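Descriptive structure summary
One letter stands for each residue in the lines below.
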Amino acid sequence: MSGRVTAVSSNGEYSFTKPNRDSVRLLAGLGVEGDVHAGVTVKHRSRVAQDPTQPNLRQVHLIHEELFTEVGEEGFKVTPGALGENITTCGIDLLGLPVGTLLYIGDSAVLEVTGLRNPCLQIDNFQDGLLKQVVGRDEAGNIVRKAGIMSVVRESGVVCPGDTIERELPSGPHRPLDRV
């Protein structure tokens with residue numbers, strides 16, 4: 001299964017949305033160069049408040065562009081970078097990947113999938129009612145999070161719109177994604 005990068009975004013300041021860029025540089029063990037969430041330890045404010053020494057398992061946020069179409073059918077307008085993601089994708093089932101999947105992007109970048117983004121109330125501040133579209137429940141009553149996945153950078157590289165994404169599943173039993 002392969003996919004494609006449709007947009008890349010970063011911001012050096014805390015804000016909900018991130019402006020699109022022509023490219024982003026991923027730095028091994030850190031995240032997106034110049035992005036406010038890059039670092040070895042947690043950078044998301046809620047995580048820092050809990051324990052600032054936690055490892056940063058949320059260095060790079062990816063969202064599938066197909067989500068924008070889905071919420072668009074409910075009247076919401078969401079574009080790449082609007083939900084704070086660094087890499088917008090298409091053609092790859094991000095939410096179906098197990099923990100530990102490697103994503104090879106472009107010529108040299110490699111990400112390791114760590115878990116699901118846990119959407120917060122800021123999404124409703126962006127567009128009222130959108131949180132219910134990206135977090136819901138399945139038939140069995142289990143919480144379903146659709147606002148993308150989080151990852152860490154294993155190999156540095158430049159990522160641009162149009163780059164291909166190849167996945168390598170981990171060996172052994174697969175662990176489904178959970179929030180990180």
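Check the entry above for the structure.
These lines cover the structure that appears in this document, whether it is placed above or below. (Residues numbered from 1 in each chain as written. Predicted model: local features only at pLDDT ≥ 70, side-chain atom pairs only at ≥ 80, totals over all residues. Heavy atoms only, no water.)

What follows covers the overall build of the protein chain. Scanning the protein chain from terminus to terminus reveals four helices and 13 strands. For the protein chain, the C-alpha radius of gyration of 15 Å lies close to 16 Å, the compact-globule estimate for 180 residues. Taken over 180 residues, the protein chain has a buried fraction of 45%. Pairs at least 24 apart in sequence give 69% of the contacts found in the protein chain among residues at least 6 apart. About 8,800 Å² of surface is accessible on the protein chain, with carbon and sulfur atoms providing 47% of the total. On the protein chain, the mean spot of the 18 positive side-chain charges and the mean spot of the 23 negative ones are 6 Å from each other. (Helix = DSSP H or I, 4+ residues; strand = E, 2+ residues; numbered from the N terminus. Rg over C-alpha atoms; globule rule 2.2 N^0.38 Å. Buried < 20%, exposed > 50% of the residue type's maximum accessible area, 1.4 Å probe, protein only. Contact = heavy atoms within 4.5 Å. Areas by Shrake-Rupley, 256 points an atom, 1.4 Å probe, with all protein chains shown as cover. Lys, Arg positive; Asp, Glu negative; His and termini not counted. Charge placed at Lys NZ, Arg CZ, Asp CG, Glu CD.)

Moving on, we come to the side chain of threonine 88. Looking at the secondary structure, you find threonine 88 in strand S6 (residues 87–90). Polar contacts involving the side chain of threonine 88 include one to the side chain of glutamate 85, which spans 2.8 Å. Leaving out residues up to four positions away in the same chain, threonine 88 has contacts with Arg4, Val5, Thr6, Ala7, Ile63, Glu65, Phe68, Pro80 and Gly81. (Polar contact = N/O pair within 3.5 Å; in protein donor to acceptor, adjacent residues only side chain to side chain.)

A word on the environment of phenylalanine 126. For phenylalanine 126, the position within the fold is in helix H3 (residues 122–126). Owing to a relative accessible area of 28%, phenylalanine 126 belongs among the partly exposed residues under this scheme. Residues phenylalanine 126 and glycine 157 lie 31 residues apart in sequence; the distance between their C-alpha atoms is 31 Å. Every residue in contact with phenylalanine 126, bar those within four places of it in the chain, is listed here: Phe16, Thr17, Lys77, Val78, Ala82 and Leu83.

Now for the sheet that holds strand S4 (residues 31–32). Here we have three strands laid out as an open sheet, ordered S4-S3-S12, and antiparallel in their pairing. Two strands in the sheet have a free side with no partner beyond their single neighbour: S4 and strand S12 (157–159). Pairing between strand S3 (residues 24–27) and S12: three bridges, direction antiparallel. Looking at S12, one finds that leucine 26 is bridged to glycine 157. (Pairing = 2+ DSSP bridges.)

Moving on, we come to the pattern of salt bridges. It is possible for side chains of opposite charge to pair when their charged atoms get near one another. A full pass over the atoms with the stated rule returns four salt bridges. Ionic pairing is found between glutamate 33 and arginine 25, a salt bridge with its closest N-O pair at 3.6 Å. Residue class for arginine 25 comes out partly exposed when judged on its relative accessible area of 41%. A salt bridge links glutamate 112 to arginine 154; the nearest nitrogen and oxygen atoms lie 2.5 Å apart. One end of the pair, glutamate 112, is in strand S8 (residues 109–116); the other, arginine 154, is in strand S11 (residues 149–155), and 42 residues separate them in sequence. (Salt bridge = Lys/Arg side-chain N within 4 Å of Asp/Glu carboxyl O.)

On to the packing of aromatic side chains. How two aromatic rings sit relative to each other is set out by the distance from centre to centre and by the angle between their planes. Under the criterion given, the structure shown has one aromatic pair. Centre to centre, the rings of phenylalanine 16 and phenylalanine 126 are 5.7 Å apart; their planes meet at 40°, and the pair counts as tilted. Note that phenylalanine 16 is positioned in the loop between strand S1 (2–9) and strand S2 (20–21) and phenylalanine 126 in helix H3, a separation of 110 residues in sequence. (Phe/Tyr/Trp six-rings, centres within 6.5 Å; stacked < 30°, edge-to-face > 60°.)

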